[in-house]
Amino acid sequence: MFCGQQVQAIMAKFESSSAMFATLGKFDRLVTVWHPTSAKEYAFIHLAHPRSVSYFAWKALSNKSKLTHQPSDCALFTMARDGIGRFWSSIDPEKPHAFYMCAVIDPNQSLMTSETSSRLSQDSNMYHADHIEDTSPIHYINCNELRSAVCAQSQSYSRHDKLNQRIKKVQELVRETPDLLFRVQSDGSLTFWGVKYLNVFPKRIPRVFVVSRIAQAIDPSDVCYFLNPIQAFYDPSSGIKPVELSLITQNPHGQIRCYGIHIVDFLEQGHFIPRLYLKYAWMGHKYPIKSISPPYANRLCSTGIDGEMNIWKYELREVSNYRE
């Protein structure tokens, strides 16, 4: 029995390489990290935030890192409604559950354009500030999905091909900076951040930096699809362009979309402005969506707040050039 959660939990995720897991309550300012103390007992710690937390994600480890993984290698990314993303990690191998804040991503320091925030000031109604839903969050990209997208295409082109040279540059960036995050502003512009030295050995202070800023990466009317946590994954069946990730998103009205993002264009910019493009769209829920399961075998499952569960299938259709 777990008694550390003060409010009803709306999110729970295990750390993939240890027995630790984290939970989050609705409009809760505390993320609770649970760690085993014996075979049947768990203790917990709280990670405090100045505003309620909208979601969190464990840092994914590469397959190579898993072979030498230590409990103290864990890292957690949290996104609060103050608009700031935070990384938490441990520095004590004897106490891998003793997390501390090791890196901060503040979008106000790297906006593409000026942005009028709807968040309230420190002196205004704190309760309302915890319950607003229009704060554009920072989205964390699973490093394994990113590596899969890059590695799948790195051998597909000749050594002297210009596209292959761009892919190699992105591959080097991903090798040095496996942790990438992005945020879509209200005007449709997009900012990518990278984090270096997160959970490296010997321990170093993580470094956060802006990888790229893109104006008009998406139509402003579509920004509402990025106000909730998204799922970024590599889809091997999508063969439109190399090094592509798919982004599963939702709006507040029960509609789901899948956008494509060409990593080479965004991280290694050419002579044109890269944009997110719409791949699929689903409309079947009468009420807002509560959760979406990770895509698997070209299918995904969504659950509405009314308990309705839908299973969706997606695939690229071949368009024939034949005309009668």
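Cut-offs applied
- Residues numbered from 1 in each chain as written.
- Predicted model: local features only at pLDDT ≥ 70, side-chain atom pairs only at ≥ 80, totals over all residues.
- Heavy atoms only, no water.
- Salt bridge = Lys/Arg side-chain N within 4 Å of Asp/Glu carboxyl O.
- Helix = DSSP H or I, 4+ residues; strand = E, 2+ residues; numbered from the N terminus.
- Buried < 20%, exposed > 50% of the residue type's maximum accessible area, 1.4 Å probe, protein only.
- Core = buried A, V, L, I, M, F, W, Y, C linked by side-chain atoms within 4.5 Å.
- Contact = heavy atoms within 4.5 Å.
- Pairing = 2+ DSSP bridges.
- Axes fitted to C-alpha atoms, helices over the stretch in contact; angles between N-to-C directions.
- pLDDT = per-residue confidence, 0-100.
- Phe/Tyr/Trp six-rings, centres within 6.5 Å; stacked < 30°, edge-to-face > 60°.
- Lys NZ or Arg CZ within 6 Å of the ring centre and 35° of its normal.
- Polar contact = N/O pair within 3.5 Å; in protein donor to acceptor, adjacent residues only side chain to side chain.

Trainee: Run through the pattern of salt bridges, naming residues and quoting values.
Mentor: Per the stated rule, a full pass over the model turns up six salt bridges. The salt bridge involving Arg175 is made with Glu172; its shortest N-O contact spans 2.3 Å. Here Arg175 and its partner Glu172 are both found in helix α4 (residues 162-176), three residues apart, which amounts to about one turn of the helix. Looking at Arg175, the relative accessible area reads 52%, which means it is exposed. Put simply, Lys279 and Glu244 hold a salt bridge, and the shortest N to O gap is 3.2 Å. Of this pair, Lys279 sits in strand β16 (residues 277-283) while Glu244 sits in strand β14 (residues 244-250), and the two are 35 residues apart along the sequence. The buried category is assigned to Lys279, whose relative accessible area is 15%. Residue Glu244 is classed as buried on the basis of its relative accessible area of 4%.

Trainee: Quick one: what's the story with the nonpolar core, residue by residue and with numbers?
Mentor: Among the nonpolar cores identified, the biggest contains 32 residues, and Phe182, Phe226, Leu247 and Leu276 are the most heavily contacted of them. Mapped by element, the contributors of at least two residues to this core are α3 (143-153), α4, β10 (179-184), β11 (190-196), β14, β15 (255-262) and α5 (263-267). Leave out the neighbours within four places in its chain, and Leu276 touches Leu190, Ala217, Ile218, Phe226, Leu247, Tyr259, Gly260, Ile261 and Phe266. In terms of nonpolar packing, the next biggest core, distinct from the first, is built from 31 residues, Phe56, Ala57, Leu76 and Phe87 among them.

Trainee: Outline the sheet that holds β11, supporting the account with residue identities and numerical values.
Mentor: In space, the four strands of this open sheet follow the order β9-β10-β11-β12, with antiparallel pairing throughout. The outermost strands of the open sheet, each flanked by one partner alone, are β9 (139-141) and β12 (207-214). Ignoring which end each strand starts from, the neighbouring axes of this sheet average 25° apart. In terms of strand pairing, β9 meets β10 through three bridges, oriented antiparallel. Paired with Tyr140 across the strands is Leu181, a residue of β10.

Trainee: Could you give an account of the confidence of the model for the chain, naming the residues involved and the relevant values?
Mentor: On average, residues of the chain score 82 in pLDDT, and 78% of them reach the 70 mark or higher. Considering each helix and strand of the chain separately, the mean pLDDT is smallest for helix α1 (residues 63-67), with a value of 50, and largest for strand β6 (residues 75-80), with 95.

Trainee: Just give me the short version of the packing of aromatic side chains, but keep the residues and values in it.
Mentor: Tallied over the full model, the rule gives 18 aromatic pairs. Ring geometry for Phe182 versus Phe192: centroids 5.8 Å apart, planes at 40°, classification tilted. You can see Phe182 sitting in strand β10 and its partner Phe192 sitting in strand β11, a full ten residues away along the chain. For the ring pair Tyr280 and Tyr314, a centre distance of 5.4 Å and an interplane angle of 50° mean the geometry is tilted. Within this pair, whereas Tyr280 is found in strand β16, its partner Tyr314 is found in the segment after β19 (309-313), the two being separated by 34 residues in sequence. Residues Tyr280 and Tyr314 agree in their burial class; the two are buried. Through successive ring pairs, a cluster of aromatic residues spans Phe14, Phe21, Trp34, Tyr42 and Phe44. Its end group placed over the ring of Tyr197, Arg204 keeps NZ or CZ at 3.8 Å from the ring centre. Over the face of the ring belonging to Phe209 we find Arg207, whose NZ or CZ atom lies 4.8 Å from the ring centre.

Trainee: Would you mind going over the side chain of Ser189 in detail, with residue names and values included?
Mentor: Looking at where Ser189 falls in the secondary structure, it is placed in the loop between β10 and β11. Residue classification places Ser189 among the buried positions, given a relative accessible area of 1%. Of the polar contacts made by the side chain of Ser189, one reaches the side chain of Asp187; its length is 2.7 Å.

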